[in-house]
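# Structure at a glance
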Amino acid sequence: MMEWLVALCIGILVAVIWSASKYFGSQGEPDALLQGLGISRRQTKEMVSERCVSDLGVPVDGANAQTSDRAGENKVPDVALICKPSALANYLFKHCRTFSNFTACTGWTWRASAFLQTVYGACWPYESPAYFVRDYLQLSDDGLVALDWAVSMAGESYQKRRRTSSNSTSPILLIIPNSFGKITRNVLKLCEVALSHGYLPVVFNRRSHNATPLSTVKLQQFGDPGDLREAVRYMRYRQPVSRLYAVSESTGSGLLLSYLGECGSSSYVTAAACLSPVFRCQSWFEKGPIWPLHWALVTYQKICLNRYRTVLGETVHTDALFSSCSMRGLEEVLFCQQPGPKGAPALAGGTSSSSGGAWEAYWERNEPLRDVDEVAIPVLSVCAQDDPIRGDPQSTLPLELFESNPHFFLLLTTRGGHCGFNTQEGSAFSGGGTFGGTPGTSWSHRALLEFFRATTDFIAAEERAKQAARRRGLGGSSQGKVFRHRSVSSCRRLPACSHNIHTIYNWQRSYTR
């Protein structure tokens, strides 16, 4: 008991010192990354057409803009959208008003501390009013993953049914939590907001995560999208007429980006978003976040794995696993070491050249950005510069990706911590457009939902323009009538699946409750 009390006191002391140092350090120093990009109140207007780095808070009215420039020409904006110039980027600038409604918290409040925002969002308990129904999906290798469907809010009428009708046209929002399996306040609140805006939220739980039974000795590697691919096919089979959107949180973005890269245009996803993603994952596992958070992540992962200590002993060195003190050590023991004879001593992670080679080979298969050029849908990344989990933005944010790839958009804030993005009182619940004004709604959640709506509208407008151009090219002849009929039917035709769904899933033996 005394040990836990001492650890709690140390944690509180570290939090106070950390928040105070970040507060005093941020008062006199302008933001280095945004200034390095040339994002200031005056410079933004001169370079937005070249690099599409936009300070979204700059007013468009001429007189007000001049006054604003004279008053704060060197002021760093609270939020900026970094992307390659394109028609979609221009459409987002015009229609995503939530992007510009971010005002970072300042002063002596815990919401201004990146560290406290992060700890609060990850550890503080939250009773969600959303009602969840779980489906256990049996995979092709007899492994199990869980799909938690948010079907209603507390107080609403609810029919006793496992899932919605296959004829439903409500869009599906696939939510991928962090790679450690922790269901945070951020995920639960996102489910609530999605439900209130007509989505069907579903949380993807990996093998052994969030009370999912471990039916095989195989765990999912960090960037292996195989299980997610089967889950998406299942959702597509159950809801064939619904659009599919995807959101990932924290390190869960590694799985989402791997899936989008491997599947390309066959991902079935309309648009995706990553909240506080970690991009350079190999380096992140090797260096880790700051000590208190690193220790907390390692400890939480050990607690989750301890439940399966006996069965994992058949494939991994459990002594080395539970004696590891780093995230790299845990990942290396789980996936990069071949088990020797029982009773043989296990090498600690990273202590041999063979282990180092296996580590490099592991990340060649699991690095989230390995197939980034194959991504074929719009992807929004919402990041804060003071993110204590991701680390220094200068070395952890691949800015060249957003400046060169038209499918990737980076919404970068000066403050916000890791999946926090708390705003000033008065602006937290204010907003413009369809997704503003809901009390308790996170700014990042409103931003990504508005991004989904805008990209969907843009794609639909482009399709209508193409069809209109084709009709004009064919004129009013009878051939045009035939073409119009065929074009409508082709839009409704579902893409053919490259598998037999019944050979993968045995419905008579499904693990569904």
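To keep things clear, this report deals only with the structure shown in the data block. (Residues numbered from 1 in each chain as written. Predicted model: local features only at pLDDT ≥ 70, side-chain atom pairs only at ≥ 80, totals over all residues. Heavy atoms only, no water.)

### A few points about the overall build of the chain
Helix and strand content of the chain: 20 helices and 11 strands. Counted over contacts in the chain with a minimum sequence separation of 6, partners at least 24 positions apart contribute 77%. For the chain, the accessible area works out to roughly 24,100 Å², and carbon and sulfur atoms hold 54% of it. (Helix = DSSP H or I, 4+ residues; strand = E, 2+ residues; numbered from the N terminus. Contact = heavy atoms within 4.5 Å. Areas by Shrake-Rupley, 256 points an atom, 1.4 Å probe, with all protein chains shown as cover.)

### Section: the packing of aromatic side chains
Following the criterion strictly, the structure yields 18 aromatic pairs and no others. Ring geometry for Tyr362 and Trp363: centres 5.2 Å apart, planes at 80°, overall edge-to-face. Across the pair, exposure class does not vary: Tyr362 and Trp363 are buried alike. Clustering of aromatic rings is evident, with ring pairs tying together Phe222, Trp284, Phe285, Phe335, Trp359, Tyr362 and Trp363. One residue, Arg309, lies across the ring of Phe322, its end atom 4.3 Å from the ring centre. (Phe/Tyr/Trp six-rings, centres within 6.5 Å; stacked < 30°, edge-to-face > 60°. Buried < 20%, exposed > 50% of the residue type's maximum accessible area, 1.4 Å probe, protein only. Lys NZ or Arg CZ within 6 Å of the ring centre and 35° of its normal.)

### Focus: helix α6 (residues 114–123)
Regarding α6, the residues found buried are Ala114, Phe115, Gln117 and Thr118. Looking straight down α6, one finds that the buried residues subtend no more than 165° of arc, so they occupy a single side. (Arc of directions from axis to C-beta.)

### With respect to the packing of helix α8 (residues 226–238) against helix α9 (residues 253–263)
Where α8 contacts α9, the two axes come as close as 9 Å, and the packing angle between them is 75°. One element, α8, and the other, α9, form an angle in the roughly perpendicular class. Residues Leu228, Arg229 and Val232 of α8 touch α9, and the partners they reach there are Leu255, Tyr259, Glu262 and Cys263. In terms of residue class, the contact of α8 with α9 is built from 5 nonpolar, no polar and 2 charged. (Axes fitted to C-alpha atoms, helices over the stretch in contact; angles between N-to-C directions. Parallel < 35°, antiparallel > 145°, perpendicular 65-115°, else oblique. Nonpolar A, V, L, I, M, F, W, Y, C, P; charged D, E, K, R; others polar.)

### Focus: the pairing of strand β10 (residues 408–413)
With 6 of 6 residues buried, β10 is to be regarded as a mostly interior element. Residues Phe408, Leu410 and Leu412 point to one face of β10 and Phe409, Leu411 and Thr413 to the other, with burial holding for every one of them. Relative to β10, strand β2 (residues 79–82) runs antiparallel, the two sharing 4 bridges. Note that in β10 the partner of Ile82 across the bridge is Leu410. By the bridge criterion, 6 bridges tie strand β9 (residues 379–384) to β10 in an arrangement that is parallel. Each residue of the ladder has a partner; that of Leu380, found in β10, is Phe409. (Pairing = 2+ DSSP bridges.)

### Regarding the pattern of salt bridges
This model, assessed by the stated rule, comprises 13 salt bridges. In this structure, the salt-bridge partner of Glu400 is Arg280, at a minimum N-O distance of 3.4 Å. Here Glu400 is found in helix α17 (residues 399–404), whereas its partner Arg280 is found in the loop between β8 (271–275) and α10 (281–287), with 120 residues between them in sequence. The exposure class assigned to Glu400 is partly exposed, which follows from its relative accessible area of 47%. Bridged by salt links that share partners, the residues Asp141, Arg207, Lys218 and Asp227 form one connected network. (Salt bridge = Lys/Arg side-chain N within 4 Å of Asp/Glu carboxyl O.)

### What about the side chain of Thr118?
Here Thr118 lies in helix α6. A relative accessible area of 6% places Thr118 in the buried class.

### What to know about unusual backbone geometry
At Tyr268, a residue that is not glycine, the phi angle is positive and equals roughly 70°. Of note, Tyr268 is situated in the loop between α9 and β8. One non-glycine residue with positive phi stands out, namely Ser276, at about 50°. Position of Ser276 relative to the elements: it lies in the loop between β8 and α10. For Ser276, a relative accessible area of 0% gives the class buried.

### Overview of the environment of Ile377
Locating Ile377 in the fold gives a position in the loop between α15 (353–366) and β9. Classification of Ile377 by relative accessible area gives buried; the value is 8%. Residue contacts for Ile377: discarding those within four places in its chain leaves Leu260, Ser267, Val269, Thr270, Ala271, Ala272 and His407.

### Quick notes on the packing of helix α11 (residues 291–306) against helix α14 (residues 327–335)
For the pair α11 and α14, the least separation of the axes is 9 Å and the interaxial angle reads 30°. As summarised for this structure, α11 and α14 are arranged roughly parallel, according to the angle between their axes. Contact with α11, carried on its side by His294, Leu297, Val298, Gln301, Lys302 and Leu305, involves Met327, Leu330, Glu331 and Leu334 of α14 and no other residues of that element. Tallied by class, residues from the contact of α11 with α14 come to 6 nonpolar, 2 polar and 2 charged.

### Here we look at the pairing of β8
Taking burial as the measure, the 5 residues of β8 include 5 buried ones, the bulk of the element. Covered by surrounding structure in β8 are Ala271, Ala273 and Leu275 together with Ala272 and Cys274, the residues of both alternating faces. Taken together, the 5 bridges between strand β7 (residues 244–249) and β8 define a ladder with parallel strand orientation. Its bridge partner being in β8, Val247 is matched across the sheet by Ala273. Tracing the backbone out of β7, into α9 and back to the parallel element β8 gives a crossover that is right-handed. (Right-handed = clockwise from strand over helix to strand, strands pointing away.)

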